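Coordinates in review
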Amino acid sequence: MLKKHSIEVIGARTHNLKGVSCRIPHGEVTVVTGPSGAGKSSLAFDTVFAEGQRRFVESVSTYARQFLRQMERPPVDEIRNLTPAVALEARNSIESARSTVGTVTEIYDVLRLLFTHIGEIHCPHGHGRVRKYSSEEVAKRLTSGAVGDAILLVAPISRPKQHANQALAELIRQGFARCLVGSDLVRMDSSFSWSKEWDPLDLVLGRFKAEPGARSRLTEAIDEGAQLSNGIVQARGGSAGLNGSPGSSSVWHYGPGLICSQCGQSIQNPVPALFSFNSPMGACIECQGFGRVIGIDRGLVIPDQSLTLLEKPLAPWNSPAYAGHYDDLFAACRERGVPLDVPWRDLTDRDRDWIWSGPDAAVAKHGDFLNLRDFFARLERRSYKVHVRVMLSRYRAYDTCTACQGGRLQPEALRVLVQGLTLPEVTRMTVDEMYAWQQQAGWSSRQQEIGGHLLDELEERIGVLRRVGLDYLSLDRQARTLSGGESQRIHLAAALGSGLTSTMYVLDEPTIGLHPSDSQRLLGLLRDLAHRGNTILVVEHDRTLIEGADHLIDLGPAAGERGGEVVAEGTVEEVMRSEKSLTAKYLRDRPNTPARQHLARFRRESQRESLEAEISARPKIEVRGARSHNLAGFDVAIPLETLVMVTGVSGSGKSTLVGDVLHANFRRMESGAGVNPGDCDALLGLPKVSDIRLVDQKPLGRSSRSNSATFIKAYEQIRKILATTEAARRQYIEAAHFSFNLDQGRCAKCRGTGVEEVDMQFMAAVTVTCDSCQGKRFQRHVLAIKYEGLNIAEILNLTVDDAIQHFAGHRLLCKRLGLLVEAGLGYLRLGQQTSTLSGGEAQRLKLASFLDGQVAAATGQRRLFIFDEPTTGLHFSDIDMLYGTLRKLISRGHGVVVVEHSLDLIARGDWIIDLGPGGGIHGGQLLYSGPLVPFLDTIESPTAKELRRHLKWRRRKHRR
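So, how was this worked out
Counting restarts for each chain, with residues numbered from 1 along the sequence as it is written. At least 70 in pLDDT is required for a residue's local features to be given in this predicted model, at least 80 for side-chain atom pairs to be given and counted, and no such filter applies to totals for whole chains, interfaces and linings, which use all residues. To obtain the side-chain values, all non-hydrogen atoms of the structure were used and water was disregarded. Only DSSP runs of H or I with at least four residues qualify as helices, and only runs of E with at least two residues qualify as strands; both kinds are numbered from the N terminus onward. We call two residues in contact when some of their heavy atoms are within 4.5 Å. For this analysis, a polar contact is any N or O atom pair within 3.5 Å, provided that within protein one partner can donate a hydrogen and the other can accept it, and provided that sequence-adjacent residues contribute only side-chain to side-chain pairs. Two aromatic rings, drawn from Phe, Tyr or Trp (for Trp, its six-membered ring), form a pair once their centres lie within 6.5 Å of each other, and the interplanar angle then sorts them: stacked below 30 degrees, edge-to-face above 60, tilted otherwise. Each residue's exposure class comes from its accessible area (1.4 Å probe, protein chains only) as a fraction of the maximum for that residue type: buried when under 20%, exposed when over 50%, partly exposed otherwise. Only the contacting stretch of a helix is used when fitting its axis, a line to C-alpha atoms as for every element, and angles between N-to-C directions run 0 to 180 degrees. Note that the term roughly parallel is reserved for angles under 35 degrees, roughly antiparallel for angles over 145, roughly perpendicular for angles of 65 to 115, and oblique for everything else. For a crossing to be left-handed, the near helix must be turned anticlockwise from the far one by less than a right angle; the clockwise case is right-handed. Polar here means any residue other than Ala, Val, Leu, Ile, Met, Phe, Trp, Tyr, Cys and Pro, which are nonpolar, and Asp, Glu, Lys and Arg, which are charged; Gly is therefore polar. The term salt bridge refers to a side-chain nitrogen of Lys or Arg lying within 4 Å of a carboxyl oxygen of Asp or Glu. We call two strands paired when DSSP finds no fewer than two bridges between them. Any residue with relative accessible area above 30% and no salt bridge may belong to a patch, with like charges joined within 9 Å and the nonpolar Val, Leu, Ile, Met, Phe, Trp and Tyr side chains within 5 Å. For accessible areas, the Shrake-Rupley method is used with a probe of radius 1.4 Å. Any residue's cover is judged against the shown protein chains and nothing else. Here the positive residues are Lys and Arg and the negative ones are Asp and Glu; neither His nor the chain ends is included. We put the charge of a Lys on NZ, of an Arg on CZ, of an Asp on CG and of a Glu on CD.

Summarising the element assignment, Leu 372 is placed in helix α11 (residues 372–381). A C-alpha to C-alpha distance of 9.4 Å links Leu 372 and Trp 354, two positions 18 residues apart in sequence. For Leu 372, the contacting residues outside a window of four places in its chain are Val 301, Leu 314, Trp 317, Ile 355 and Trp 356.

Bringing the side chain of Thr 647 into the picture now. Mapped onto the secondary structure, Thr 647 falls in strand β25 (residues 643–647). Polar side-chain contacts of Thr 647 include one of 2.6 Å to the side chain of Asp 914. Every residue in contact with Thr 647, bar those within four places of it in the chain, is listed here: Ser 652, Lys 654, Glu 900, Ile 906, Ile 912, Ile 913, Asp 914, Leu 915 and Thr 943.

Further remarks concern the packing of aromatic side chains. Considering all chains together, one arrives at 19 aromatic pairs under this definition. Aromatic side chains Tyr 715 and Phe 740 sit 5.0 Å apart centroid to centroid with 5° between the ring planes, which places their arrangement in the stacked category. Placement of Tyr 715 in helix α26 (residues 715–723) and of Phe 740 in the loop between α27 (726–730) and β28 (755–758) is noted, with a sequence separation of 25 residues between them. Here Tyr 715 falls in the buried class, since its relative accessible area comes to 5%. With relative accessibility at 2%, the residue Phe 740 sits in the buried group.

Right, let's talk about the packing of α11 against helix α12 (residues 386–393) for a bit. Contact geometry of α11 with α12 gives a least axis separation of 9 Å together with a crossing angle of 140°. As the angle between them shows, α11 and α12 are arranged oblique. Here α11 and α12 pass one another in a crossing that is left-handed. For the pair α11 and α12, the contacting residues are Phe 375, Phe 376, Leu 379 and Glu 380 in the first and Val 388, Met 391 and Leu 392 in the second. Tallied by class, the residues present in the contact of α11 with α12 amount to six nonpolar, no polar and one charged.

Before going further, it helps to spend a moment on the pattern of salt bridges. In the structure shown here, the tally under the stated rule is 39 salt bridges. Measuring nitrogen to oxygen at the nearest pair gives 2.8 Å for the salt bridge that ties Arg 461 to Glu 457. One end of the pair is Arg 461 and the other is Glu 457, both in helix α16 (residues 445–467) and four residues apart, which spans about a single turn. According to the relative accessible area criterion, Arg 461 is buried, its value standing at 10%. Where salt bridges share partners, they join Glu 8, Glu 78 and Arg 80 into one cluster.

All right, on to the sheet that holds strand β6 (residues 120–122) then. In space, the three strands of this open sheet follow the order β7-β6-β18, with antiparallel pairing throughout. The two strands at the open ends of the sheet, each matched to only one other strand, are β7 (129–130) and β18 (416–417). Relative to β18, β6 runs antiparallel, the two sharing two bridges. Considered in β18, the bridge of Glu 120 is made with Leu 417.

This brings us to the packing of helix α5 (residues 135–142) against helix α7 (residues 215–228). Where α5 meets α7, the closest approach of the two axes is 9 Å, and the angle between their N-to-C directions is 130°. What the angle tells us is that α5 and α7 run oblique. Relative to α7, α5 is oriented so that their crossing is right-handed. Touching Ser 135, Glu 136, Val 138, Ala 139, Lys 140 and Leu 142 of α5 are Arg 215, Leu 218, Thr 219, Ile 222 and Asp 223, all from α7. Its residues assigned to classes, the contact of α5 with α7 shows five nonpolar, two polar and four charged.

Okay, unusual backbone geometry next. Cis geometry marks the peptide bond from Gly 556 to Pro 557, where omega comes out at 0°. Inspection of the secondary structure puts Pro 557 in the loop between β21 (551–556) and β22 (565–570). Following Gly 916, the chain continues into Pro 917 via a peptide bond in cis, with omega recorded as 5°. Mapped onto the elements, Pro 917 comes out in the loop between β34 (911–916) and β35 (925–931).

This part takes up the environment of Tyr 326. Residue placement: Tyr 326 occurs in helix α9 (residues 325–336). The exposure class of Tyr 326 is buried, given its relative accessible area of 1%. Put simply, Tyr 326 and Leu 314 are 12 residues apart on the chain and 9.1 Å apart in space, counted from C-alpha to C-alpha. When residues no more than four places from it in sequence are discounted, the contact partners of Tyr 326 are Leu 309, Lys 312, Pro 313, Leu 314, Trp 317 and Asn 318. A polar atom in the side chain of Tyr 326 sits 3.0 Å from the backbone nitrogen of Leu 314.

Moving on: the side chain of Arg 543. Mapped onto the fold, Arg 543 is located in helix α19 (residues 543–547). A polar side-chain atom of Arg 543 sits 3.5 Å from the main-chain carbonyl oxygen of Tyr 586. When neighbours within four sequence positions are excluded, Arg 543 is seen to be in contact with Tyr 586, Leu 587, Phe 876, Asp 904 and His 950.

This paragraph deals with a negative patch on the surface. A grouping of Glu 136, Glu 220, Asp 223 and Glu 224 is seen on the molecular surface, where their side chains present a negatively charged patch. Here the element with the most residues in the negative patch is α7; it accounts for three residues. By secondary structure assignment, the location of Glu 136 is in helix α5.

Right, here's the structure in full:
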């Protein structure tokens, strides 16, 4: 019996779903969980959301409806009570450098309106604030000084191109008898001629005294002068100054628009487009609104600063074509007294700048040599040659635009301030800093009256970002640099700010990259969204969201063909009572969980001390003075042959430490060019490893022909097996005929992709099955070749687990496919495109390629692997399998560093490096580096607290 009005899914058969029927209550948070590959995304995205998208297209224009015959309906018997749907996937599809956190969340649009309406405009010449004045305000201010001060009112009138003297005569006839030439008053009469030298003509409107009684006459004179001079009126002498205190200036300028009262500079009236770096009106002319310009990276030009000049440290000159420049440089250095046997880093700043930019104009020239700045300028002039462009590309870097100082906006926009800050200065704040700034700012009654609703909107949108755990991001952060989880939560924040109701939101693991301490806040945000009348459908593995769901759908019991069934459905309490649910088994607090079994090894102090001594004796890589981004310049050692966990809240500096500092500096030392590493004083111990591999969640590639079988080089074996069949030999079909990249056997229409894209013009392109090969990707005569009853299309539709059974007699192929099983990807289909994999699946596919036993410590090739949240998309049971895989790498002599938030995996680490205590400017400190058990017993960091709560750990005194 249904408790509430719900979306009802009846007989869903998408991918591996086996006629699934379930309900999704409106106005509640429904979580779909289960093992990886059990069919969660197939149900949530490929069935429910896909049907919602199809119905949306059906409801719009006739142009859209003509494509309906090509948009396949999901294989489901019926979906009832479906509402409009919005999908927020855990991948970052933003590629534009113009898109920022502020623009995606629309906070930047609110700020543009705020600066337009309540911003204070300042004079470009430093004369302070500029504002509009009415004639009454001008008269009041001019007469507020010392009583009796003389005020001369002047109207600068432009000289007409024709009949100037006739216009002058008309002014005289109207009673204007004097003009101002310099500081002299000149009387105008019938003999007076308006020469071209007097353009404009400073017509005297009258002389007034600074007294209240003259205010009305002064107002009339200002209005009259404004009509004669297109609005410009000057007040001279007396209390003319309006920018400062009365009497601070002898000349004041008044006009209908924004004019500086001291210098008369006319200023553009702000409009929202002026503050947009995507608009020609607001974008900086120099950098076109990007905030950066292409320049030369000195670190790439001089990659090894320990070399002396005699050892030739300048990379572009270390080729036969340019080596001759060294002779001139050495001669000039000897004449100037620059030492040639001193390392580059130890030369004085003045000497280094001299070699780079040449002598100062005010300093005597020493020798005739080509400095590096002029050298690259010469290359720029010859960049029409291909080889010169290739050479320049090796040393390119993005430098901050000197015109806007990275602010992206034109000078006119940078002269508008709110609470003393420009718009770029506001967007450089983190979300947390902006929240504090808005709360502490003393908004005037006028600002509240004009922009009160904007301030409320800004506070609400900033508050949402804080609630989704993104308080460490700055608003000017490029959106394309965000992780998949950050991107999804950014769009979630934007959706909440839009105020939609009666909408279904489908989310794919919104807790990716989120610290466990922030999961509760995210759950509260989803509940708020549901209480507005929306339906929330979340694919998730996080304990907090699963236990906090209003309705739970648990799929399983396993992955791939062994999954696709509803194991349990209902409230959390109802699912927890299920004996069939694997999720319920892990959620119930049993004493034999893998994490607690791991910690049981260290109950005795002697065992703990033995392990700590063993790890301390292992080789290490030491990072000295890590200070990139928000890192606070600390030293940390990373032991090899050890499972090292790098933990901390979101934005604390984990990825900066292992990615930007450790990995990028290693890459710079290896290749020299194309890498921008983070700052540190030194990296010690690098000779102990042959390579450092960063296994992150970036997409594996955009090729629609790449799949899991091709990635691990198993597809080549499959092609050879099919080519050796009797039918293939009779028809002269070779392995090349089974290639997606060659024309011999692939479908000519879809070129081996199996799908085609239909351009919808007004919305995203629609992908449809190729009507020539019906998605089978190959020509008919190739599809006729079968091995053990299956053709190539049917083989590609097998899961990895099924393929191992089908090709059981081929040892080499099964060994390759077994790597995928070891990485927890046995449920993937061989032909599934790598571009459709989640970030976690893509990362584990990379991991599978490293599991080949051919590379081991015995060969002397010890590697350090860095994993960025490998548990993304993994069920609790899959984390056990991942842990075993990581241990295999360590057993082969490699080192493993894992940046992780999953408490289930952190609890099984050997060595903890904990950063924090907060994110952004509140993080970047090394809170702990050492074994796991002392971390649980002695540390008060957010991670330690959550881990103790998760493990129900009883703290004990521990000797350090």
